[in-house]
Structures are given as C-alpha cells and as structure tokens.
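Commentary on secondary and tertiary structure
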Amino acid sequence: MRILGIETSCDETAAAVVTGEGEILADVVLSQLAEHRPFGGVVPEIAARAHLEHVDRLVAEAMSRAGLGYAQLDAVAATGGPGLIGGVMVGVATGKAIALAAGKPFLAINHLEGHALTARLTHKLAFPYLLLLASGGHCQLLAVLGVGEYRRLGSTIDDAAGEAFDKVAKMLDLGYPGGPAVEKAATSGDPARFALPRPMKGKPNCDFSFSGLKNAVRLLIAALPQPVTRQDAADVAAGFQAAVAESVADRTRRALAEFRTRWPDGTGLVVAGGVAANGALRQALIAEATAAGLPFIAPPLKLCTDNAAMIAWAGVERFRLGLTDGLDFAPRPRWPLDPKAAPLKGAGVKA
Ligand code: KG4
Ligand code: ZN
C-alpha cells in the first residue's frame, strides 16, 4: 500500500509518501518561518497564499523522490482540519483534485489524529497509550485507544504551551520561533531567581493554563531595569521554562494515574508537537513516565512537528479500515478528536 499525504493546516507546506509497512518513501517540508518572522507569529492570510504557491511543487517533489506515478498510489490523504481554514482548503482541494484525476480514494485526515498515530509509524506502538500533544496551537492529553477512538483527559483552557513560549520570547526580544530561543537563553539563566506561578498545579483535573503565567512574566519584565540585561533575560527564560515544565509534568502525572486506572494495559507515554523538543520538559516527562511504570516514547523531532508523513500514515491506518471520504468533504477549522469530551470552560478556549 502506498499513500500520498498533504499537510497545509498551519505554517508548513508538506507532502509525503508512506507505505502500509510504515516505510517513508518521501517526506518533504517547506517551512514558512521566514514569511512570518517579521510579524512574530503565523499570519493566516500569508500562510494560505504561501501554501497555494508551493503545494503543487512539493507534491511533485515527494512523488519524484518516492519514484512513483499517481497511478501507483492506493489513495490520497490531506489534512482536513483543524487549523487555519485558508491553508486547509488549499490542501484539501489539492488532495481531492489528485484523487479525482488519478481515480483514487480520498481521505480527509484530522491533523491531531496524524500527531496521535505517529508513534505507531515510528515505534509500531500498540494501543492504548497516553499522548501529550504540545505545539504552537494545541496542548492536550489524550488516551489513544484506536483509530478514530480518543478520550481527552485534559486540555488547555486558554493558550497552547508553544504560544506561551513564543510570546515570552517576543517580550524578551529573543526572536521567533520562541521555543528554541527561550530554551537557549535559559541555559545561562537561574530558574530559581524569580518566583513564577505553576499554573493548575494540584487541580483535580488534567487541564492546562498558560495565560496567567504569561501575564506574570510580562509584569516581571516590566518591573526590571530597562533595557533588560542579557542575564536578566536568561533568568526570566529559565524561570518561565521551569514553571512550564513543572506545570505540564504535574498535569501529566494526574493523567497518567487516570490512564493507568482506566486502561491497565497501556503501552506508554508518547509526546508530540514542537514543544516536545524542550529538554527540561522532556526530563520532567521521562521522570513521570518512569514513576508510572510506562515507557516514554518520543518520535524523532522531524515527525513530532508538523509534517505530511504523519498525514500519509494516518491515511494508511484509516484506509485499512475502509474509512475513506467523499469528494464532498468540507474542510473543518475545528475538529476535536473526542467530540464527547466535556466542553472546556475558560476565557480563551479554542478547541
Ligand atoms: O508542532 P509545531 O512545530 O507546530 C505547530 O504549532 O503545529 O510546534 C511549534 C511550537 C512553537 O510554538 C515553538 O515555539 C515550540 O513549538 N517549540 C518549542 C521548542 N521548539 C519548538 N518550545 C519549547 N522548547 C523548544 N525547544
Ligand atoms: Zn501540529
């Protein structure tokens, strides 16, 4: 089985071809970082136009690297949501057009399901497992029970973790994207110098919150002598990173306890999303997984951040089960993996 995957839901235009055995025949990603950098964040309209400009070439490149013609594909998968709707429309229209022209089935993939199933592509992991998805747009803890079968144990009630890293980097003038910049600055900082809140720590659920911490950092920076010195910035970065790591570890500990009780045959704690690259956070999560007696699984970074191999692989898993979609599929800006989860209450709730 060979499936073409297309990803255009945020600021990466990507195409990949993956086989039924999980072999990645091609995996090309074009980051739009340079286009968005002047604005310190992703600008939806710029993203949609950039996807439109590059997607055809990326698909052609993936097919040529895989050494395949469209006739040799079994199906075409494209991210159908959630995400920035302009970009999703570009990917879905491209996928449908190729599927129609080549006479192949079309699969609309939930971007989050792509992240959720990646550990099965990279580690052949069996269900059920616990997933922490922490990226620029999402922060969730999900029990992954099967294809299309998810239970949300926790989610952010305001910002995503990556968004908080990006905002703090902006406040400290460290550049964009913020996560790697904050992590780098933190290496020469003292995490204990400033007292910052540990959001949600100890709360009897598994939800996250980052907007209060972000605001505490803003007030802290405003109270420092201006312009902020390198050392002060490093200490703020280290303090913020420690607060995020401790808070996320606390939420994950609760989720692990619930997961172990409800699904005693659980196979591991899996991380995905760009924030999973953070060393301090990883160390904290490894400690939690070990304490819970579960293996810690982190797919290679390239497959943790947005890519099309995960979309093609989710396509493989769904195609095997006969879960194809019609060409009348409408792109979905919002598309929760667990529609039955209780609605979130919070000022900035998005998902
Ligand atoms: O998964 P991703 O590449 O894209 C999506 O958001 O879908 O995640 C990007 C996010 C950005 O907010 C970035 O600042 C954050 O992941 N990030 C990090 C690190 N590397 C990337 N956050 C903390 N530490 C890092 N080393
Ligand atoms: Zn993503």
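Residues numbered from 1 in each chain as written. Chains lettered and ligands numbered in written order. Predicted model: local features only at pLDDT ≥ 70, side-chain atom pairs only at ≥ 80, totals over all residues. Heavy atoms only, no water.

Ideal coordination angles are 109.5 degrees for a metal with four donors arranged tetrahedrally and 90 or 180 degrees for a metal with six donors arranged octahedrally. At 2.1 to 2.2 Å from the zinc ion (ligand 2) lie its protein donor atoms, namely H111 (NE2), H115 (NE2) and D306 (OD). Here the donor residues of the zinc ion (ligand 2) share one chain and are spaced in sequence as H-x3-H-x190-D. Of this pair, H115 sits in helix α4 (residues 111-123) while D306 sits in the loop between α10 (301-304) and α11 (309-320); the two residues are 191 residues apart in sequence, bridging distant segments of the chain. Of the two residues examined, H115 and D306, each falls in the buried class. (Donors = N, O, S within 2.8 Å, 3.2 Å for Na, K, Ca; no water. Helix = DSSP H or I, 4+ residues; strand = E, 2+ residues; numbered from the N terminus. Buried < 20%, exposed > 50% of the residue type's maximum accessible area, 1.4 Å probe, protein only.)

Taken together, the neighbourhood of ligand 1 is formed by 17 residues, with G136, D166, G179, E183 and D306 sitting nearest. E183 is positioned with one of its side-chain polar atoms (N or O) 2.7 Å from a nitrogen atom of ligand 1. In this structure, D306 approaches ligand 1 through a side-chain N or O atom, which is 2.8 Å from an oxygen atom. Coverage of ligand 1 by the protein amounts to 87% of the 550 Å² it exposes when considered alone. Mapped by element, the contributors of at least two residues to the shell around ligand 1 are α5 (161-171) and α6 (178-186). (Near = heavy atom within 4 Å. Polar contact = N/O pair within 3.5 Å; in protein donor to acceptor, adjacent residues only side chain to side chain. Areas by Shrake-Rupley, 256 points an atom, 1.4 Å probe, with all protein chains shown as cover.)

Let us look at the layout of surface pockets. Computed from the structure, the second largest pocket encloses a volume of approximately 320 Å³. What lines the second largest pocket is a set of 15 residues, among which L172, L174, A185, R230 and A233 lie closest to the centre. Those elements giving two or more residues to the lining of the second largest pocket turn out to be α6 and α8 (230-262). When grouped by side-chain class, the residues that make up the lining of the second largest pocket number nine nonpolar, three polar and three charged. (1 Å grid on protein atoms, 1.4 Å probe; cavity = no way out; pocket = protein on both sides within 12 Å on 5 of 7 lines; lining within 4 Å. Points joined across faces, edges and corners; volume = space filled by probe spheres on them. Nonpolar A, V, L, I, M, F, W, Y, C, P; charged D, E, K, R; others polar.)

A few words now on the domain arrangement of the protein. On domain assignment, one finds that the protein holds domain 1 (2-116 + 303-320) and domain 2 (127-301). Taking only C-alpha atoms, the centre of domain 1 and the centre of domain 2 are 27 Å apart. Taken together, the 18 residues of domain 1 in the interface contact 19 residues of domain 2. Of the roughly 1,600 Å² buried where domain 1 meets domain 2, counting both sides, 64% is carbon and sulfur surface. The interface formed by domain 1 and domain 2 contains zero salt bridges. Secondary-structure elements contributing two or more residues to the side of domain 1 that touches domain 2 are α1 (33-36), α4, α10 and α11. Broken down by element, the side of domain 1 that touches domain 2 gets its largest block of residues, four residues, from α4. (Domains from an automatic or database assignment. Contact = heavy atoms within 4.5 Å. Buried area = accessible area lost by both parts, 1.4 Å probe. Salt bridge = Lys/Arg side-chain N within 4 Å of Asp/Glu carboxyl O.)

For any pair of aromatic rings, the description consists of the separation of the ring centres together with the inter-plane angle of the planes. Enumeration over the complete set of coordinates arrives at five aromatic pairs. Ring centres of F165 and F240 lie 5.0 Å apart, and the angle between their planes is 75°; this geometry places the pair in the edge-to-face category. You can see F165 sitting in helix α5 and its partner F240 sitting in helix α8, a full 75 residues away along the chain. Overall, F165 belongs to the buried group, its relative accessible area being 4%. Looking at F240, the relative accessible area reads 0%, which means it is buried. Aromatic side chains F329 and W335 sit 5.8 Å apart centroid to centroid with 35° between the ring planes, which places their arrangement in the tilted category. A relative accessible area of 18% means that W335 is categorised as buried. Taking the ring centre of F127 as reference, the NZ or CZ of R120 above it sits at 3.8 Å. (Phe/Tyr/Trp six-rings, centres within 6.5 Å; stacked < 30°, edge-to-face > 60°. Lys NZ or Arg CZ within 6 Å of the ring centre and 35° of its normal.)

Let us look at the pairing of strand β2 (residues 12-19). Taken across its eight residues, β2 has eight buried, putting it largely inside the fold. Taking every second residue as pointing to the same face, both faces of β2 are buried, with E12, A14, A16 and V18 on one and T13, A15, V17 and T19 on the other. Sheet topology note: the strand β1 (residues 2-7)/β2 ladder contains six bridges and is antiparallel. Bridge assignment links I3 to a residue of β2, and that residue is V18. The loop that links β1 with its antiparallel partner β2 comprises four residues. What sits between β2 and strand β3 (residues 24-31) in their antiparallel hairpin is a turn of four residues, with G22 showing a positive phi close to 90°. (Pairing = 2+ DSSP bridges.)

Take α5 next. Turning to α5, its buried residues are A161, G162, E163, A164, F165, V168 and A169. Buried residues in α5 make contact with β7 (139-146), α6, α7 (211-222) and α8. Immediately beyond the C-terminal end of α5, within one or two residues, lies D173, with a positive phi of roughly 60°.

A few words on the pattern of salt bridges. Two side chains with opposite charge may pair up if their charged atoms get near one another. Under the definition given, this model contains 16 salt bridges. Put simply, R193 and D235 hold a salt bridge, and the shortest N to O gap is 2.7 Å. Of the two residues, R193 sits in the loop between α6 and α7 while D235 sits in helix α8, which places them 42 residues apart along the sequence. Taking the shortest distance from any N to any O, the salt bridge between R198 and E246 comes out at 3.0 Å. With R198 in the loop between α6 and α7 and E246 in helix α8, the pair connects residues that are 48 residues apart, well separated along the chain. E246 gets classed as partly exposed once you look at its relative accessible area, which sits at 31%. Residues joined in a network through salt bridges with shared partners are D250, R251, R253 and E288.

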